Amino acid sequence: MSKVEEFEELRPLLFSIAYRILGSVGEAEDAVQETWLRFDGSATLPASTKAFLSAAVTRISIDVLRSARVRREEYVGPWLPEPLLSDPYQDPGRAVELADSVSMAALLLLERLSPLERAVFVLREVFAFGFDEIAAAVGRSEAACRQLLVRARRHMEAGRPRFAADRQERQELATRFFDALKDGDVGGLQNLLAADVQLVGDGGGKAPQLAKAVIGAENVARMLGAVFPWLIRIDVTFEPHEVNGHPGAIFRDRDGKILHTMALDALGGQIQTIRMVINPDKLGHIGPVGDAWAVDREVKQARRQRS
């Protein structure tokens, strides 16, 4: 195969590594492009193209993450990963690990790790790289990488739920949730929510957003039941769609432009967390982005006219 063909064959893997390290579709795509430039500019062919490219995209992603963390400290409101509608890399032998590792909850747990710990964890736990490959990728000894993995596992396990929801159970719960949301059924919504459910919105100061997370089944149900029927009245639509490997939806304005995504975390037959990405900078990779401020103004005007 030519260099281009070899690279394109490995592109899904490279993107998936970079996205899990960075939590950003745009930054992951940039890291993959930079990896290609380094590969294309190399005068010699590596013994293993996969090892060379994986190491390159990992190093680039670590550097990007270090600078991104400074920006995230100044971020307006809660920070959430950029929504990923489908993971381009598929491995039937590691399907469960791949799906779990791309969820919003897992990516937020990864934020607890240092860039090196995060890279080692992703390469080992998600993609099953050998410690020799990981050591070459992050520029540390195998022994140091093993210690980094131990620390990373400890942080990740401390934040993980004690048991996971069945995929079919999650989907059935999501279907009932979105039916109740469409109807503005506050009681129906509340019955589906865990007592300590959280509703989190990421607008980044660039779209209407919650001042802070809304907590508690009654509070979340009342807010959703009060807002979404008005959105539907002004022709906002939503389509159920997996978001980061979990049930969710894409919301669009009357022109079909994207307003936000919603992802649901379910556990024990109840919805534990609802995460909405509203920041337009995080939605452009999905399609044309609508004006959430204009929609917000239209909803307020409709409410005034009704009252």
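Scope of this entry: the structure provided in the associated data block. As the structure is a computational prediction, the values presented were derived from the model and not from experiment.

## Description of the side chain of aspartate 87
- Along the polypeptide, aspartate 87 turns up in the loop between helix H3 (49-73) and helix H4 (95-101).
- Overall, aspartate 87 belongs to the buried group, its relative accessible area being 14%.
- One polar contact links aspartate 87 to serine 16, side chain to side chain, over a distance of 2.5 Å.
- Once residues within four sequence positions are removed from consideration, aspartate 87 is found in contact with Ser16 and Arg20.

## As for the side chain of serine 16
- By secondary structure assignment, the location of serine 16 is in helix H1 (residues 3-22).
- Contact partners of serine 16, with chain neighbours within four places excluded, come to Asp87, Pro88, Tyr89 and Phe127.

## A closer look at unusual backbone geometry
- In this structure, aspartate 235 is a non-glycine residue whose phi angle is positive, near 75°.
- Within the secondary structure layout, aspartate 235 lies in the loop between helix H11 (217-233) and strand S3 (237-240).
- A residue is classified by how much of its surface remains accessible, and aspartate 235, at 43% relative accessible area, is partly exposed.
- Here asparagine 244, not a glycine, exhibits a phi torsion of approximately 55°, which is positive.
- Within the secondary structure layout, asparagine 244 lies in the loop between S3 and strand S4 (248-252).

## Some thoughts on the packing of H1 against helix H2 (residues 25-41)
- Two elements in contact, H1 and H2, have axes separated by 8 Å at closest approach and are oriented at 140°. In terms of their interaxial angle, H1 and H2 are classed as oblique. In the crossing of H1 with H2, the sense of the turn from one axis to the other is right-handed. Touching Lys3, Val4, Glu6, Phe7, Arg11, Leu14, Phe15, Ala18, Tyr19 and Leu22 of H1 are Val25, Glu27, Ala28, Glu29, Ala31, Val32, Thr35, Trp36, Phe39 and Asp40, all from H2.

## Brief notes about the sheet that holds S4
- Here six strands make up an open sheet; going across it, the order is S2-S1-S6-S5-S4-S3 and the pairing mixed. Single-partner strands in this sheet number two, and they are strand S2 (214-215) and S3.
- Bridge count between S3 and S4: four bridges; the pairing is antiparallel. Across the sheet, the residue bridging to glutamate 239 is isoleucine 250, located in S4.
- Of the strands in this sheet, strand S1 (193-202), S3, S4, strand S5 (258-267) and strand S6 (270-277) touch helix H9 (residues 167-183), which is tilted by about 130° from S5.
- Against the sheet, H11 touches S1, S2, S4, S5 and S6, its axis set at about 50° to S1.

## Some remarks on the environment of valine 138
- Inspection of the secondary structure assignment puts valine 138 in helix H7 (residues 131-138).
- Through-space distance from the C-alpha of valine 138 to that of lysine 212 is 37 Å; in sequence the pair is 74 residues apart.
- Apart from the residues within four sequence positions on either side, valine 138 is in contact with Thr58, Ile62, Leu116, Ala119, Val120 and Cys145.

## Considerations on the pattern of salt bridges
- Throughout the structure, instances matching the rule amount to 19 salt bridges.
- Linking aspartate 265 and arginine 275 is a salt bridge whose minimum nitrogen-to-oxygen distance equals 2.7 Å. Here the residue aspartate 265 occupies a position in strand S5, and arginine 275 occupies one in strand S6, the gap between them amounting to 10 residues. Of the two residues, aspartate 265 and arginine 275, neither departs from the other in class, the shared state being buried.
- The salt bridge involving aspartate 296 is made with lysine 300; its shortest N-O contact spans 3.2 Å. Placement of the pair is aspartate 296 and lysine 300 together in helix H12 (residues 292-306), with a separation of four residues, close to one helical turn.
- Via salt bridges that share partners, Glu27, Arg71, Arg72, Glu111 and Arg118 belong to a single interconnected network.

## Some details on the environment of isoleucine 250
- Examined against the element boundaries, isoleucine 250 turns out to sit in strand S4.
- With 13 residues separating them along the chain, isoleucine 250 and alanine 263 place their C-alpha atoms 9.1 Å apart.
- Apart from the residues within four sequence positions on either side, isoleucine 250 is in contact with Leu85, Thr237, Phe238, Glu239, His241, Ile258, His260, Thr261 and Ile286.

## Section: the pairing of S5
- Counting buried residues in S5 gives 10 out of 10 residues, a clear majority hidden from the surface.
- Where S5 lies against S6, seven bridges are found, and the strand directions are antiparallel. Looking at the pairing, alanine 263 lines up with arginine 275 of S6.
- Linking S5 to S6, which pair antiparallel, is a turn of two residues; within it glycine 268 sits at a positive phi near 60°.

Scoring rules and cut-offs
Residues numbered from 1 in each chain as written. Predicted model: local features only at pLDDT ≥ 70, side-chain atom pairs only at ≥ 80, totals over all residues. Heavy atoms only, no water. Helix = DSSP H or I, 4+ residues; strand = E, 2+ residues; numbered from the N terminus. Buried < 20%, exposed > 50% of the residue type's maximum accessible area, 1.4 Å probe, protein only. Polar contact = N/O pair within 3.5 Å; in protein donor to acceptor, adjacent residues only side chain to side chain. Contact = heavy atoms within 4.5 Å. Axes fitted to C-alpha atoms, helices over the stretch in contact; angles between N-to-C directions. Parallel < 35°, antiparallel > 145°, perpendicular 65-115°, else oblique. Left-handed = near helix turned anticlockwise from the far one by under 90°. Pairing = 2+ DSSP bridges. Salt bridge = Lys/Arg side-chain N within 4 Å of Asp/Glu carboxyl O.

Geometric descriptors of this kind do not, in isolation, establish any biological role.
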